[in-house]
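Structure assessment
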Amino acid sequence: MIMQIKVLFFGATADIVGSRELVLSLPENSKAIDAFQKVIKEFPSLEKHKLLFAVNEEYSKGEELLKEGDELAIFTAVSGG
Amino acid sequence: MEKTFGKNYIALTTSPIDLGKIARRITPENCGAIVTLDGFVRRFTNGRETLYLVYEAYESMAIKEIERLVRQAHEKFFIEAVSIVHRLGKLEIGETSVVISVAAPHRKAAFEACEWLIKELKRTVPIWKKEVYEDGEVWIEGDRQ
């Protein structure tokens, strides 16, 4: 079975990808890190940056399983303030 | 985007921030001090001149993270109320980018909580700043691993 998730980009990662949001199709039982690997393959220059993930608005190490409709955000270390 | 919980107020806004209004939102009657941080746009960073800044946020997650920090601050410090507002979009030199106000019965806890809150905000809240220079621009990346 194939599921779809939403991938969000902000700031530097949005500039690299050229978009703020992509829909990604993945096999069921994929992890956030699997989704990330798929995105990296398409946009290798993301790897020049130190990246953080969030799954459904919570910081993640990338190990949990994703489910249909989940929201994965990929961004550089934050710099607000 | 804004949220009120208990006596606390947090918001993300693209409009200029009225510093006094934010601080004066929180004046519980058992308090005697409000400590307010006014973070504003710096012209010179390590000698290089910035023309203006652009802030961007993962807004829904940023509000959640700020709320988490405020709740943690209440556990760690003897404080009564917190108000945090972060500006987004294009900011000119000298404009306020972030305000953190902490009300407490006594000032010491308010100073400590305010310092802790800005340190944690800069480390964990998903907001990014782009510095725009005469000859280019760069998204600033924090040092969190």
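First, a word on what this report is: a plain description of the structure on this page. Please read these numbers as outputs of a predicted model, since none were measured by experiment.

1. Notes on the sheet that holds strand β2 (residues 8-13) of chain B
Residue and element names in this part refer to chain B.
- If you trace the five strands from one edge of the open sheet to the other, you get β1-β2-β7-β9-β3, paired in mixed fashion. The open sheet has two edge strands, β1 (2-5) and β3 (33-40), and neither has a second partner. Strand-to-strand twist of the sheet, defined as the mean angle between neighbouring strand axes without regard to direction, takes the value 5 degrees.
- In terms of strand pairing, β2 meets strand β7 (residues 81-87) through five bridges, oriented parallel. In the strand pairing of β7, L12 is matched with H86.
- Along the sheet face, helix α2 (residues 59-76) touches β1, β2 and β7 and points at about 155 degrees away from the line of β2.
- Taken strand by strand, helix α3 (residues 107-124) contacts β3, β7 and β9 (96-104), and its axis lies near 145 degrees from that of β9.

2. Things to note about the interface of chain B and chain A
- On the side of chain A, 23 residues touch chain B, which itself brings 29 residues to the contact.
- Both faces considered, chain B and chain A share a buried interface measuring about 2300 Å² in area, 50% of it formed by carbon and sulfur atoms.
- The interface formed by chain B and chain A holds three salt bridges in total.
- Between E57(A) and K64(B) there is a salt bridge, with its nearest N and O atoms 2.9 Å apart.
- At the boundary of chain B and chain A, one finds 19 residue pairs in polar contact (both at pLDDT 80 or more).
- Going through the elements one at a time, β6 (52-57), α2, β9, α3 and β10 (127-133) of chain B are the ones with two or more residues in the side of chain B that touches chain A.

3. With respect to the pairing of β10(B)
All names here are of chain B.
- Most of β10 is tucked away: seven of the seven residues are buried.
- Neither face of β10 is exposed, since I127, K129, E131 and Y133 on one face and W128, K130 and V132 on the opposite face are all buried.
- Bridge count for β6 against β10 is six bridges, and the pairing is antiparallel. Paired with L53 across the bridge in β10 is E131.
- With four bridges connecting them, β10 and strand β11 (residues 136-139) associate as antiparallel partners. Pairing of V132 across the sheet is with E137, part of β11.
- Linking β10 back to β11 in an antiparallel pair, the connection comprises two residues.

The rules behind these values
- Residues numbered from 1 in each chain as written.
- Chains lettered and ligands numbered in written order.
- Predicted model: local features only at pLDDT ≥ 70, side-chain atom pairs only at ≥ 80, totals over all residues.
- Heavy atoms only, no water.
- Pairing = 2+ DSSP bridges.
- Helix = DSSP H or I, 4+ residues; strand = E, 2+ residues; numbered from the N terminus.
- Axes fitted to C-alpha atoms, helices over the stretch in contact; angles between N-to-C directions.
- Contact = heavy atoms within 4.5 Å.
- Buried area = accessible area lost by both parts, 1.4 Å probe.
- Salt bridge = Lys/Arg side-chain N within 4 Å of Asp/Glu carboxyl O.
- Polar contact = N/O pair within 3.5 Å; in protein donor to acceptor, adjacent residues only side chain to side chain.
- Buried < 20%, exposed > 50% of the residue type's maximum accessible area, 1.4 Å probe, protein only.

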